[in-house]
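# Observations on chain architecture
The lines below spell out each chain.
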Amino acid sequence: FDFTNALLRKPATSVTDGLRDGDHDGPAYDDVAREHAAYAGALRELGLEVEVLPPLESFPDSIFVEDPALVFGEGAILLNPGAPTRAGEVAEIAPELERRFERVLTLAEGHVDGGDILTTPDEVLIGLSARTDADGAKALIAALAVLGLSGRVVTTPPGVLHFKTGCGLIDEETVAVIAELDDQEMFGSLRRVVIPANEAAAANLLRVRGTVLIGEGFPKARELVEALGVKTQALPVSEIGKIDAGLSCMSLRW
Ligand code: CIR
């Protein structure tokens, strides 16, 4: 959690066309920009060096930099997002990571979205989903091994976009989960805190240094985290929520 850097990408005006499950209206550009700025500000206040890349109009979902790559202190791995409209984001982020990391690996085959990856203190969990397939998971495990890390395949519940849509680490021993992910085998020795169904979007929380960033408007989830003695800070997420995104998606952190 002791990140020093974060890489973000400014939303493009095309973000209003971002992918979403269902045919509801997309977000308003100004409101997404406001949520993005609040997020960048919060990371800066927590002491991170925040760099914001220029917007990419041809990629409406490119604000969600978490999906085309994975980063660790040991190096970075370029992924291969499962949505065809997002595949080109990899080539856009690649030179940025090459500039910042000594080692940048690639996936040999398959598809993986960064939103399906949860890094715990012991291992890297890879949630199979509509975006992340078995070939991609296998290739990712091989790339992780090069960095000295171990990966394990788990399953994202049906109807949930990404594995991390439904979970997030609160501290080194505790993970917040939606009810569908309340599964001891999946999380090994981690203790699970179940987020109530009416606040499920709060499960995509983000621990940065001593603080858990959590979506605004989820009082019960906030209370559950604070009961563990962890400070929380609420951030607005209702607009990015319209295109199925949460707090972890908007940055790469190392
Ligand atoms: C998508 O469907 O790809 C975007 N609209 C949302 C991506 C959210 N990213 C994430 O959970 N890591």
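Scroll up for the structure.
Residues numbered from 1 in each chain as written. Predicted model: local features only at pLDDT ≥ 70, side-chain atom pairs only at ≥ 80, totals over all residues.

Turning our eyes to something else, we now look at the nonpolar core. By size, the foremost hydrophobic cluster in this structure holds 64 residues, and its most contacted members are Ala69, Leu140 and Leu205. When residues of this core are assigned to their parent elements, the largest contribution, five residues, is made by helix α3 (residues 134–146). (Core = buried A, V, L, I, M, F, W, Y, C linked by C-beta atoms within 7 Å. Buried ≥ 20, exposed ≤ 12 C-beta atoms within 10 Å, placed from the backbone. Helix = DSSP H or I, 4+ residues; strand = E, 2+ residues; numbered from the N terminus.)

This brings us to the site of the ligand. Leu19, Gly115, Ile243, Ala245 and Cys249 are the nearest of the 20 residues found near the ligand. The residue makeup of the shell around the ligand, split by class, is six nonpolar, seven polar and seven charged. (Near = placed C-beta within 6 Å. Nonpolar A, V, L, I, M, F, W, Y, C, P; charged D, E, K, R; others polar.)

End to end, α3 covers 19 Å across 13 residues, agreeing with the expected 18 Å (1.5 Å per residue, within 8%). Within the sequence span of α3, burial applies to Gly136, Ala137, Ala139, Leu140, Ala143 and Leu144. Angular distribution of buried residues about the axis of α3 spans 165°; they occupy a single face of the element. Opposite its buried face, α3 presents the exposed residues Ala134 and Ala145, each directed more than 90 degrees away. At its buried positions, α3 is contacted by β4 (75–78), β5 (104–106), β7 (124–128) and β8 (151–155). (Expected span 1.5 Å × (residues − 1). Arc of directions from axis to C-beta. Contact = placed C-beta atoms within 7 Å.)

Turning our attention to unusual backbone geometry. Of note in the backbone geometry, Arg209 takes a positive phi value of approximately 50° without being a glycine. By the secondary structure assignment, Arg209 is in the loop between β12 (206–208) and β13 (211–215). For Asp244, which is not glycine, the phi dihedral falls at a positive 60°. The class of Asp244 is buried, set by 20 C-beta atoms lying within 10 Å.

Attention shifts here to the environment of Leu205. With respect to the helices and strands, the residue Leu205 is situated in the loop between β11 (191–195) and β12. Here Leu205 is in contact with Gly168, Ala176, Val212, Leu213, Ile214 and Leu247, once residues within four sequence places are set aside.

What the three strands build is an open sheet, ordered β3-β4-β5; its pairing is mixed. In the strand order of this sheet, the two ends are held by β3 (69–72) and β5, each with one partner. Direction aside, the axes of adjacent strands within the sheet are offset by 20° on average. Where β4 meets β5, three bridges bridge the pair, whose relative direction is parallel. Across the sheet, the residue bridging to Ala76 is Val104, located in β5. Its contacts with the sheet put helix α2 (residues 89–100) on β3, β4 and β5, and the angle it makes with β4 is roughly 165°. (Pairing = 2+ DSSP bridges. Axes fitted to C-alpha atoms, helices over the stretch in contact; angles between N-to-C directions.)

With that settled, the discussion passes to the sheet that holds β13. Spatially, three strands are ordered β12-β13-β14 in an open sheet, and the strand pairing comes out mixed. Of all strands in the sheet, those with a lone pairing partner are β12 and β14 (231–235), marking the two edges. For this sheet, the mean inter-axis angle between neighbouring strands, taken without regard to orientation, is 30°. Strand direction decides the pairing type here: β13 and β14, joined by five bridges, are parallel. The partner of Gly215 across the bridge, within β14, is Leu235. Contacts between helix α1 (residues 29–45) and the sheet are confined to β12, β13 and β14, with β14 contributing the most and set at about 155° to the helix.

Attention now moves to the environment of Ala145. Note that Ala145 resides in helix α3. Since 11 C-beta atoms lie within 10 Å of it, Ala145 is described here as exposed. With 64 residues separating them along the chain, Ala145 and Pro81 place their C-alpha atoms 20 Å apart.

Turning our attention to α2. Look at α2: 17 Å from first C-alpha to last across 12 residues, which is about the 16 Å you get at 1.5 Å a residue. Inspection of α2 places Glu89, Ile93 and Leu97 among the buried residues, and these make up the whole buried set. Taken around the axis of α2, the buried residues stretch over an arc of 45°, which confines them to a single face. Turned more than 90 degrees away from the buried face of α2, the exposed residues are Ala91, Pro95 and Arg99.

Function cannot be inferred from these measures alone, as they are strictly geometric.
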